[in-house]
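Here are the chains, one letter per residue:
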Amino acid sequence: VKVPTISEVIEQLRERLLQVELERPRAKISPDGSIKLKDTTTYRTYQTNWVRLEKLHGQMPIDQLTEELALEFCSDAMKLAKKTHLINAKSREVRGLSVKDETGHHSYNRALDTLSTIVKYGVKKGVIKDSPLADIKRKPLSETNRHGLTPEQVEEILSVALRGGNDPELDYTMLW
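Since this is a predicted model, take the numbers as computed values, not measurements. (Residues numbered from 1 in each chain as written. Predicted model: local features only at pLDDT ≥ 70, side-chain atom pairs only at ≥ 80, totals over all residues. Heavy atoms only, no water.)

### So, the environment of Ile157
Line of reasoning, step 1. Mapped onto the fold, Ile157 is located in helix α5 (residues 151–163).
Line of reasoning, step 2. Since its relative accessible area comes to 38%, Ile157 is described here as partly exposed.
Line of reasoning, step 3. Taking the C-alpha atoms as reference, Ile157 lies 56 Å from Val123; in sequence the two are 34 residues apart.
Line of reasoning, step 4. When near neighbours in sequence (up to four residues on either side) are disregarded, Ile157 contacts Leu149 and Leu175. (Helix = DSSP H or I, 4+ residues; strand = E, 2+ residues; numbered from the N terminus. Buried < 20%, exposed > 50% of the residue type's maximum accessible area, 1.4 Å probe, protein only. Contact = heavy atoms within 4.5 Å.)

So, in structure tokens, the structure goes:
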């Protein structure tokens, strides 16, 4: 059995995943049959990592992918995300907007997901026996502090609207 290179596997996966994206109801397909990548989700996320992976290891046979290479690839994705975030954070600060902390864990996990699709392909085709990703753990994602309002908070907002303003009834109705 000929062992495909990482680039060959990525090409197969691109075709398959693009077909899935084209079948999504929300995909905006142009009259010429093309689709804008910004209208896709999974494909666009994988594409970012596929491009990086092809540059680094495109000609490598997939059975030579090791845990060390995978960890390095995922860590680089995390570092790149942090670097990009710092640039964006400075721009947001200048404009007076809030800036959140960025761990890069999402990027690490997406890179791991991308590698996982390649390894699963190799296992399915019988060219990889044991996954080199088996012992690699996903990074924990930070909990968001965003949440819906509690009934008490809604009641408090509505009662404040009724107590003040030029037209309390209108304010109350609009908020409700």
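So that's the structure; there's more coming.
### Some remarks on α5
Line of reasoning, step 1. A rise of 1.5 Å per residue sets the reference length of α5, with its 13 residues, at 18 Å; its end C-alpha atoms lie 19 Å apart and thus fit the reference within 8%.
Line of reasoning, step 2. Remark: Gly165 follows α5 within two positions and exhibits a positive phi of approximately 85°. (Expected span 1.5 Å × (residues − 1).)

### Quick word on the pattern of salt bridges
Line of reasoning, step 1. Scanning all chains against the criterion turns up five salt bridges.
Line of reasoning, step 2. Linking Lys2 and Glu8 is a salt bridge whose minimum nitrogen-to-oxygen distance equals 3.3 Å.
Line of reasoning, step 3. A residue is classified by how much of its surface remains accessible, and Glu8, at 37% relative accessible area, is partly exposed.
Line of reasoning, step 4. In this structure, a network of salt bridges that share partners links the residues Glu11, Arg14 and Glu54. (Salt bridge = Lys/Arg side-chain N within 4 Å of Asp/Glu carboxyl O.)

### Some thoughts on a nonpolar patch on the surface
Line of reasoning, step 1. On the surface, a cluster of nonpolar side chains totalling about 530 Å² of accessible area is made up of Leu149, Val154, Ile157, Leu175 and Trp176.
Line of reasoning, step 2. Assignment of secondary structure puts Trp176 in the segment after α6 (168–175). (Patch = residues over 30% accessible without salt bridge, like charges linked within 9 Å, V, L, I, M, F, W, Y side chains within 5 Å. Areas by Shrake-Rupley, 256 points an atom, 1.4 Å probe, with all protein chains shown as cover.)

### What about the nonpolar core?
Line of reasoning, step 1. If you look at the biggest cluster of nonpolar residues, it comprises 29 residues, and the most contacted ones within it are Ile6, Trp50, Leu53, Ile62, Leu115, Ile118 and Leu133.
Line of reasoning, step 2. Residue assignment for this core shows that the elements contributing at least two residues are α1 (6–23), α2 (42–57), α3 (67–94) and α4 (105–125).
Line of reasoning, step 3. It is α4 that contributes the most residues to this core, seven residues altogether.
Line of reasoning, step 4. In this structure, Leu115 is in contact with Leu53, Leu65, Ala70, Phe73, Cys74 and Leu133, ignoring residues within four places of it in sequence. (Core = buried A, V, L, I, M, F, W, Y, C linked by side-chain atoms within 4.5 Å.)

### Let's talk about the packing of α2 against α4
Line of reasoning, step 1. Their axes nearest at 9 Å, the elements α2 and α4 cross at an angle of 75°. One way to sum up the angle between α2 and α4 is to call them roughly perpendicular. Contacts between α2 and α4 involve Thr45, Tyr46, Asn49, Trp50 and Leu53 on the former and, on the latter, Arg110, Ala111, Asp113, Thr114, Leu115, Thr117 and Ile118.
Line of reasoning, step 2. Residues of the contact of α2 with α4, tallied by class, amount to six nonpolar, four polar and two charged. (Axes fitted to C-alpha atoms, helices over the stretch in contact; angles between N-to-C directions. Parallel < 35°, antiparallel > 145°, perpendicular 65-115°, else oblique. Nonpolar A, V, L, I, M, F, W, Y, C, P; charged D, E, K, R; others polar.)

### A word on the confidence of the model for the chain
Line of reasoning, step 1. Predicted confidence across the chain gives a mean pLDDT of 86, with 91% of residues reaching 70 or more.
Line of reasoning, step 2. Considering each helix and strand of the chain separately, the mean pLDDT is smallest for α6, with a value of 85, and largest for α4, with 93. (pLDDT = per-residue confidence, 0-100.)

### Looking at the side chain of His85
Line of reasoning, step 1. Among the secondary structure elements, His85 is positioned in helix α3.
Line of reasoning, step 2. Given a relative accessible area of 18%, His85 falls into the buried group.
Line of reasoning, step 3. Residues in contact with His85, not counting those within four places in the same chain, are Val99, Lys100, Asp101 and Glu102.

### Considerations on the packing of α1 against α4
Line of reasoning, step 1. One way to put it is that α1 packs onto α4 with a least axis distance of 10 Å and a crossing angle of 100°. In terms of axis orientation, α1 runs roughly perpendicular to α4. Each of Ile6, Val9, Ile10, Gln12, Leu13 and Arg16 in α1 lies in contact with α4, whose residues at this interface are Thr117, Ile118 and Tyr121.

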